[in-house]
Amino acid sequence: MSKFWSDVVREIEPYVPGEQPKIAGLIKLNTNESPYPPSPEVAKTIDRDAVDQLRLYPDPNASELSQALADYYQLDVGQVFVGNGSDEVLAQLFMAFLQGRGTVLYPDISYSFYPVYCQLFGVPAKTIPLREDFSLALADYSTEAAGIIFPNPNAPTGMGVALDEIEQLLKARPDTLVVVDEAYIDFGGESAASLVSRYDNVLVVQTFSKSRALAGMRVGFALGQRSLIEGLERVKNSFNSYPLDRLAQRAATAAIQDDDYFKASCAKVVATRDRMTSRLEALGFTVLPSQANFIFAKPPAAVSAETLAAQLREHKILVRYFNRERISDYLRITVGTDEQIDTLLAVVESLLKGA
Ligand SMILES: *Cc1c(COP(=O)(O)O)cnc(C)c1O
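Residues numbered from 1 in each chain as written. Predicted model: local features only at pLDDT ≥ 70, side-chain atom pairs only at ≥ 80, totals over all residues. Heavy atoms only, no water.

- Labelled according to an unreviewed UniProt entry, the protein chain appears under the name Histidinol-phosphate aminotransferase, originating from Gilvimarinus japonicus.
- As recorded by UniProt, the Cofactor (unreviewed entry) comment attached to the protein chain reads in full: "pyridoxal 5'-phosphate".
- What the UniProt record of the protein chain gives under Subunit (unreviewed entry) is the line "Homodimer." (UniProt positions renumbered as here; feature names shortened; annotations may be inferred.)

## Side note on the sheet that holds strand S13 (residues 331–334)
Next, step 1: Taken in spatial order, the four strands line up as S9-S10-S13-S12 in an open sheet, and their pairing is antiparallel. Edge positions in the open sheet fall to strand S9 (286–287) and strand S12 (320–321), since each of these has one partner strand only.
Next, step 2: Summarising the sheet, S12 and S13 pair through two bridges and their orientation is antiparallel. Bridge pairing in S13 places arginine 320 opposite arginine 332.
Next, step 3: In the packing of helix H10 (residues 259–282) onto the sheet, contacts are made with S9, strand S10 (294–298) and S13, and the angle to S10 comes to roughly 10°. (Pairing = 2+ DSSP bridges. Helix = DSSP H or I, 4+ residues; strand = E, 2+ residues; numbered from the N terminus. Contact = heavy atoms within 4.5 Å. Axes fitted to C-alpha atoms, helices over the stretch in contact; angles between N-to-C directions.)

## A short note on helix H9 (residues 246–257)
Next, step 1: In this model H9 runs 17 Å from its N-terminal to its C-terminal C-alpha over twelve residues, within 8% of the 16 Å that 1.5 Å per residue would give.
Next, step 2: Counting buried residues along H9, ten of its twelve residues qualify, which places the element largely inside the surrounding structure.
Next, step 3: Looking only at H9, the buried set comprises Arg246, Leu247, Ala248, Gln249, Ala251, Ala252, Thr253, Ala254, Ala255 and Ile256.
Next, step 4: Turning to H9, the residues buried within the fold contact helix H2 (40–45), helix H3 (48–52), helix H4 (63–73) and H10.
Next, step 5: Between the side-chain oxygen of the N-cap and the backbone nitrogen of leucine 247 there are 2.8 Å, and the N-cap of H9 in question is aspartate 245. (Expected span 1.5 Å × (residues − 1). Buried < 20%, exposed > 50% of the residue type's maximum accessible area, 1.4 Å probe, protein only. Polar contact = N/O pair within 3.5 Å; in protein donor to acceptor, adjacent residues only side chain to side chain.)

## Some words on the pairing of strand S7 (residues 202–207)
Where a strand is regular, its side chains alternate between the two sheet faces.
Next, step 1: Taken across its six residues, S7 has six buried, putting it largely inside the fold.
Next, step 2: Burial along S7 is two-sided: the face carrying Val202, Val204 and Gln206 and the face carrying Leu203, Val205 and Thr207 are both buried.
Next, step 3: As paired elements, strand S6 (residues 177–181) and S7 share four bridges and run parallel to each other. Across the sheet, residue aspartate 181 finds its bridge partner in S7, namely valine 205.

## Here we look at the sheet that holds strand S5 (residues 147–151)
Next, step 1: Read across the sheet, seven strands follow the order S2-S8-S7-S6-S5-S3-S4 without closing on themselves; strand pairing throughout is mixed. Two strands lie at the open edges of the sheet, namely strand S2 (80–83) and strand S4 (125–128), each paired on one side alone. Strand-to-strand twist in this sheet, taken as the mean axis angle between neighbours without regard to direction, amounts to 20°.
Next, step 2: Seen against the sheet, helix H6 (residues 113–121) touches strand S3 (104–107), S4, S5 and S6 and runs at an angle of roughly 160° to S3.

## With respect to the packing of H10 against helix H12 (residues 338–354)
Next, step 1: Contact pair H10 / H12: the axes reach a minimum separation of 11 Å and the direction vectors enclose 10°. In terms of orientation, H10 and H12 fall into the roughly parallel class. Two secondary-structure elements touch here, H10 through Thr272, Arg275, Met276, Arg279 and Leu280 and H12 through Asp338, Ile341, Asp342, Leu344, Leu345, Val348 and Glu349.
Next, step 2: Here the contact of H10 with H12 is built from residues that sort into six nonpolar, one polar and five charged. (Parallel < 35°, antiparallel > 145°, perpendicular 65-115°, else oblique. Nonpolar A, V, L, I, M, F, W, Y, C, P; charged D, E, K, R; others polar.)

## Points about the packing of aromatic side chains
Next, step 1: Tallied over the full model, the rule gives 14 aromatic pairs.
Next, step 2: Look at tyrosine 15 and tyrosine 111: their rings are 5.7 Å apart centre to centre, the planes differ by 65°, and that puts the pair in the edge-to-face class. With a gap of 96 residues between them, tyrosine 15 in the loop between helix H1 (7–11) and strand S1 (27–28) and tyrosine 111 in the loop between S3 and H6 connect regions that are remote in the sequence.
Next, step 3: Judged by its relative accessible area of 23%, tyrosine 15 is partly exposed. (Phe/Tyr/Trp six-rings, centres within 6.5 Å; stacked < 30°, edge-to-face > 60°.)

## Points about the nonpolar core
Next, step 1: Residues Leu65, Leu69, Phe150, Phe208 and Leu223 are the most contacted members of the largest nonpolar core, which totals 53 residues.
Next, step 2: For this core, the secondary-structure elements that each account for two or more residues are H4, S2, S5, helix H7 (163–172), S6, S7, strand S8 (220–223) and H9.
Next, step 3: With near-sequence residues (within four places) excluded, leucine 65 lies in contact with Val82, Phe208, Val219, Leu244, Gln249, Ala252 and Thr253.
Next, step 4: Core analysis: the next-biggest nonpolar cluster, separate from the first, contains 35 residues, Ala155, Phe262, Cys266 and Val347 among them. (Core = buried A, V, L, I, M, F, W, Y, C linked by side-chain atoms within 4.5 Å.)

## Comments concerning the UniProt feature "domain: Aminotransferase class I/classII large" (unreviewed entry) in the protein chain
Next, step 1: The positions UniProt marks with the feature "domain: Aminotransferase class I/classII large" (unreviewed entry) are residues 26–346.
Next, step 2: Helix makes up 37% of residues 26–346 and strand 15%, and the two end C-alpha atoms of the span are 16 Å apart.

## Some remarks on the site of the ligand
Next, step 1: Neighbouring residues of the ligand: Gly85, Ser86, Asp87, Tyr111, Asp181, Ala183, Tyr184, Thr207, Ser209, Lys210 and Arg218.
Next, step 2: Aspartate 87 places a polar main-chain atom, nitrogen or oxygen, 3.0 Å from an oxygen atom of the ligand.
Next, step 3: Here the ligand loses 92% of its free accessible area of 380 Å² to cover by the protein chains.
Next, step 4: The residue inventory of the shell around the ligand, partitioned by class, reads three nonpolar, four polar and four charged. (Near = heavy atom within 4 Å. Areas by Shrake-Rupley, 256 points an atom, 1.4 Å probe, with all protein chains shown as cover.)

## Comments concerning a nonpolar patch on the surface
Next, step 1: Together, Met1, Trp5 and Val9 make up an exposed nonpolar region whose accessible area comes to about 340 Å².
Next, step 2: As for its position among the elements, tryptophan 5 is in the segment before H1.
Next, step 3: Here tryptophan 5 falls in the partly exposed class, since its relative accessible area comes to 37%. (Patch = residues over 30% accessible without salt bridge, like charges linked within 9 Å, V, L, I, M, F, W, Y side chains within 5 Å. Salt bridge = Lys/Arg side-chain N within 4 Å of Asp/Glu carboxyl O.)

Structure follows, in structure tokens:
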């Protein structure tokens, strides 16, 4: 605390990211990163020439990357906005479309950055409880609001919302901005990118951090109608004209263009997820139906989630435990490689025998 802190800085409770400890041999299943490296095209594009060009400012509009994304999602380049990780894009859209415009609604169990942005930008928030089975029912979002934001699939539950339910919401609430945070969409959900051309009240936000294995590069993007993208650009150009460095623009473009590699990595994650789900269920866990690259699982009564997380840590396996209402019995476990998950399952089985 310093006498120079503003009211906002004094009162905010900043987001706490999952740990990134430097422990050799750690099996890291706590922050939903990809267990596989990015496309080999990424390493090829970061060559001597790319490094030499670092003396020059990057393209402020990341035109090549934006065009590659537009091609991928069959949109116009004017319907694409890129930023330094999707967290930054989310902050920019809070500033562009929610600050001073009314209340924002989001699920009670959801991404914990949303309340932080609400505090940072002074946006009133109202949480809407997930149903008893942890499903997210958009029919429950009937309160008057400037915006509605939710992850699809939701985090940390992994459970998805159907595209037609999202479309119903867009039709029912033409004056509310609906933000679909699709950080995990590539592992089995249906993207709302296909709705962007037909609805002016939807923004789809995605990231290269999970399915495209570039968490260390910091690239995220939003898809929406031109006027929404222009709003985001006004914020961006009033804060930092060059949010994406040259290497990030090249890496992300190479990653989006290597679709075969991308699809194969996602398919491997999905296969491992389904296998670990059945094995954990056989060990007595309750596992929510996941469409993401992680599972949300409740251990059998013999051991609490918190204890199991601590025991796994002693075996150099890191998972995520949230000491929060409704979910303190669950662990969020990122889908690793088959080898990592075999180790996890063996350790869990032996711990349960000892419990
Ligand atoms: C990981 C995650 C993000 C942030 O992604 P970055 O692009 O790495 O900033 C956003 N939303 C949700 C729900 C996430 O899980």
